[in-house]
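The lines below spell out each chain.
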Amino acid sequence: MAAFRELGLAPWLVEQARQMGLSRPTPVQASCIPPILQGRDCLGCAKTGSGKTAAFVLPVLQVLSEDPYGIFCLVLTPTRELAYQIAEQFRVLGKPLGLKDCVVVGGLDMVAQALELSRKPHVVIATPGRLADHLRSSNTFSLKKLKFLVLDEADRLLEQGCADFTADLEVILEAVPARRQTLLFSATLTDTLNELILEAVPARRQTLLFSATLTDTLNELKSLAMNRPFFWEAASEVRTVDELDQRYLLVPEAVKDAYLVHLIQTFQDEHEDWSVIIFTKTCKECQVLNMMLRKFSFPSVALHSMMKQRQRFAALAKFKSSIFKILIATDVAARGLDIPTVQVVINHNTPGLPKIYIHRVGRTARAGRNGISITMVTQYDIHLVHAIEEEIKLKLQEFSVEEKLVLDILTHVNVTRRECEIELEYMDFDEKKEINKRKQMILEGKDPDLEEKRKAELAKIKKKNNKFREKVQQTLQEKKQLQMKRKLQKKMERRNKLHAKEEK
Ligand SMILES: Nc1ncnc2c1ncn2[C@@H]1O[C@H](COP(=O)(O)OP(=O)(O)OP(=O)(O)O)[C@@H](O)[C@H]1O
């Protein structure tokens, strides 16, 4: 593999990379840095932990050093923690440049951010929601001279789900120049390729594309490609890294937590220095499990979207510094987070989408290190495991535990969990959730009461429509039956007449 300097990077940047421990480029870096330096767009999909961040940070810094101005580069990313992590890479690698960066994410003071933006930082790293808010409400900064637009975890930014960024992205794309250089990075781009291509192509008619697997769609898109877009994918069928030992653990739903406590105890006893991430389905589950594990004296912290931003950062900092070795998180931590000490990922629930699975387990076994993932599978989730296996092109192996040891702690764990649930009820967790929802609506410029009314009215109309539809269906059915009856009657009458004639 070529060295960094052979990719066209300046000696100062190569030295910065070396100081950061990046002595030889990873495949995604070796393949993508030269075309980015040539000014081509890039759409890239490479496995988790394969160094995609440096694949765009290094060339952006190189071009920036040749003509530094602000705002030169905008990086969009779906989560706040990830934004800070990317900013850190820019800061460390861009230190000799005196790089000015600005992180613009929700949950923090908007005025301070607006002030920072007005000082023309070279690089802005943002979550779409907050940046769009700034664009809507102030004119103290401009993105019109932007040279690079980077979408990290691009598929997540473009997919429509619970956190839908579409409207915010529209605002942002309108504020940036049309002919900017666009870089899109993710470990799972293939599902949203069509939208991604639409985003990347018209912008500059130059696209660089990275993907974990070169699918049929991608091949077609290659032939459709317009202005020499550069596509790159890792030459591997399997979509997860080889260093990851992927296991499943079949558990009845009712005893799941006893298995979890047993697993953690085992890892703690056998590997004192290991850090573990446990992924849960909901914020509430995350909170309950954290309370429960703490009652068992495990050093755990929680990370979910219902926590205040400062608490989120504090929790992550404690986990990163290994003061707390267990992080319980929702999917807010599933993408991008790079914490080298994480040896184990436990999926407390089987992810409903293979893509989410890939990102969650990708929090371990990064940059060539080993790691293990254990996915808890209940009787209701077996089909989800099949879907995951089909997508990653690998069979998960069973993880065996000594059931007797689990049985020994079962009652204790279940009682403790119940206690935590009751405590949480006292803390009005659900009520807080409702308040947060209303707050979010207000931030989006909606009136929560009006929204509620509108929802109720819509439900009413829907009910009415359904009733009407049912009635129409019923009438049609009755008419059909009547027609058939008549036809049958006529047929009988004809047959009777015929018989009568024959008898005569
Ligand atoms: N050339 C390199 N040599 C050694 N380590 C590297 C190199 N490039 C990146 N790394 C390290 O690899 C780790 C993972 O990199 P990065 O976070 O960029 O992965 P990623 O591909 O973006 O993963 P994800 O899809 O999970 O976001 C980081 O700790 C980074 O410092």
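Analysis parameters
Numbering of residues begins from 1 in every chain and follows the order in which that chain's sequence is written. Restriction of local features to residues with pLDDT of at least 70 applies here, the model being predicted, together with a cutoff of 80 or more for giving and counting side-chain atom pairs; totals for whole chains, interfaces and linings are based on all residues. Only hydrogens and water are set aside when side-chain values are computed; all heavy atoms of the structure are taken into account. UniProt positions are given in the numbering used here, feature names are shortened, and annotations may be inferred rather than shown by experiment. Strands here are runs of E lasting at least two residues and helices are runs of H or I lasting at least four, both read from the DSSP assignment and numbered beginning at the N terminus. Categorising residues by exposure relies on relative accessible area from a 1.4 Å probe, with only protein chains included: less than 20% of the type maximum marks a residue as buried, more than 50% marks it as exposed, and the intermediate range marks it as partly exposed. We call two residues in contact when some of their heavy atoms are within 4.5 Å. To be clear on the numbers: accessible area is Shrake-Rupley with a 1.4 Å probe, and residue cover counts the displayed protein chains and nothing else. An automatic or database domain assignment supplies the start and end points of every domain. What gets called buried area is simply the loss in accessible area from a 1.4 Å probe that two parts show on being joined, summed for both. Throughout this description, the term salt bridge denotes a Lys or Arg side-chain nitrogen within 4 Å of a carboxyl oxygen of Asp or Glu. Polar contact is the term for a pair of N or O atoms within 3.5 Å; when the atoms are in protein, one must be able to donate a hydrogen and the other to accept it, and sequence-neighboring residues count only if both atoms are side-chain atoms. Any residue outside Ala, Val, Leu, Ile, Met, Phe, Trp, Tyr, Cys, Pro, Asp, Glu, Lys and Arg is labelled polar, Gly included; the first ten of those are nonpolar and the last four are charged. Patch membership needs two things, relative accessible area over 30% and no salt bridge, and members are linked within 9 Å if like-charged or within 5 Å if nonpolar (Val, Leu, Ile, Met, Phe, Trp, Tyr). We count Lys and Arg on the positive side and Asp and Glu on the negative side, and we leave His and both chain ends out. To locate a charge, take atom NZ for lysine, CZ for arginine, CG for aspartate or CD for glutamate. Only a single heavy atom is needed: when it lies within 4 Å of a molecule or strand, its residue is near that molecule or strand.

- Per an unreviewed UniProt entry, the chain carries the name Probable ATP-dependent RNA helicase DDX49 and comes from Bambusicola thoracicus.
- In its Catalytic activity (unreviewed entry) section, UniProt records this for the chain: "ATP + H2O = ADP + phosphate + H(+)".
- Here is the UniProt Subcellular location (unreviewed entry) comment for the chain, exactly as written: "Nucleus, Nucleolus".

## A look at the overall build of the chain
Part 1 of the argument: Along its length, the chain carries 18 helices and 15 strands.
Part 2 of the argument: Residues counted as buried form 50% of the 504 residues belonging to the chain.
Part 3 of the argument: Look at the contacts in the chain between residues 6 or more apart in sequence, and 75% of them connect residues 24 or more apart.
Part 4 of the argument: For the chain, the exposed surface amounts to about 26,000 Å²; the carbon and sulfur share of it is 53%.

## Concerning the domain arrangement of the chain
Part 1 of the argument: According to the domain assignment, the chain contains domain 1 (4-233) and domain 2 (244-427).
Part 2 of the argument: Of the roughly 1,700 Å² buried between domain 1 and domain 2 on both sides combined, carbon and sulfur atoms contribute 53%.
Part 3 of the argument: Among the salt bridges present, the one from Glu 153 reaches Arg 335, with a minimum N-O distance of 2.7 Å.
Part 4 of the argument: At the junction of domain 1 and domain 2, the tally comes to 7 residue pairs in polar contact (both at pLDDT 80 or more).
Part 5 of the argument: Here the side of domain 1 that touches domain 2 is built from residues that sort into 4 nonpolar, 9 polar and 7 charged.

## Notes on a positive patch on the surface
Part 1 of the argument: Taken together, the side chains of Arg 486, Lys 490, Lys 491, Arg 494 and Arg 495 present a region of like positive charge at the surface.
Part 2 of the argument: Position of Arg 486 relative to the elements: it lies in helix 18 (residues 448-503).

## Digging into helix 5 (residues 110-118)
Part 1 of the argument: Regarding helix 5, its N-cap is Asp 109, as a side-chain oxygen of that residue lies 3.3 Å from the backbone nitrogen of Val 111 further along.
Part 2 of the argument: Two residues or fewer after helix 5 comes Lys 120, characterised by a positive phi angle close to 55°.

## A few points about the UniProt feature "domain: DEAD-box RNA helicase Q" (unreviewed entry) in the chain
Part 1 of the argument: Residues annotated by UniProt as "domain: DEAD-box RNA helicase Q" (unreviewed entry) correspond here to residues 2-30.
Part 2 of the argument: Structurally, residues 2-30 comprises 45% helix and 0% strand, and the distance from its first C-alpha atom to its last is 7 Å.

## Considering the UniProt feature "domain: Helicase C-terminal" (unreviewed entry) in the chain
Part 1 of the argument: The UniProt record annotates "domain: Helicase C-terminal" (unreviewed entry) at residues 259-407.
Part 2 of the argument: Helix makes up 41% of residues 259-407 and strand 19%, with an end-to-end C-alpha separation of 9 Å.

## Some points on the site of the ligand
Part 1 of the argument: As a structural note, the neighbourhood of the ligand is formed by 21 residues, with Arg 24, Lys 52, Thr 53, Asp 338 and Arg 366 the closest of them.
Part 2 of the argument: Contacts to the ligand include Arg 24, whose backbone N or O atom sits 2.7 Å from a nitrogen atom.
Part 3 of the argument: Between the ligand and the protein, one listed contact pairs an oxygen atom with a backbone N or O atom of Gly 49 at 2.8 Å.
Part 4 of the argument: For the ligand, the accessible surface in isolation is 650 Å², of which the surrounding protein chains cover 89%.
Part 5 of the argument: Residue composition of the shell around the ligand, grouped by class: 5 nonpolar, 9 polar and 7 charged.

## A short note on a nonpolar patch on the surface
Part 1 of the argument: Together, Phe 468, Val 472 and Leu 476 line one region of the surface with nonpolar side chains, adding up to about 300 Å² of accessible area.
Part 2 of the argument: Inspection of the secondary structure puts Val 472 in helix 18.

## Thoughts on the side chain of Ser 373
Part 1 of the argument: Residue position: Ser 373 is located in strand 14 (residues 371-377).
Part 2 of the argument: For Ser 373, a relative accessible area of 0% puts it in the buried group.
Part 3 of the argument: For Ser 373, the contacting residues outside a window of four places in its chain are Leu 244, Asp 245, Gln 246, Arg 247, Val 345, Tyr 357 and Val 361.

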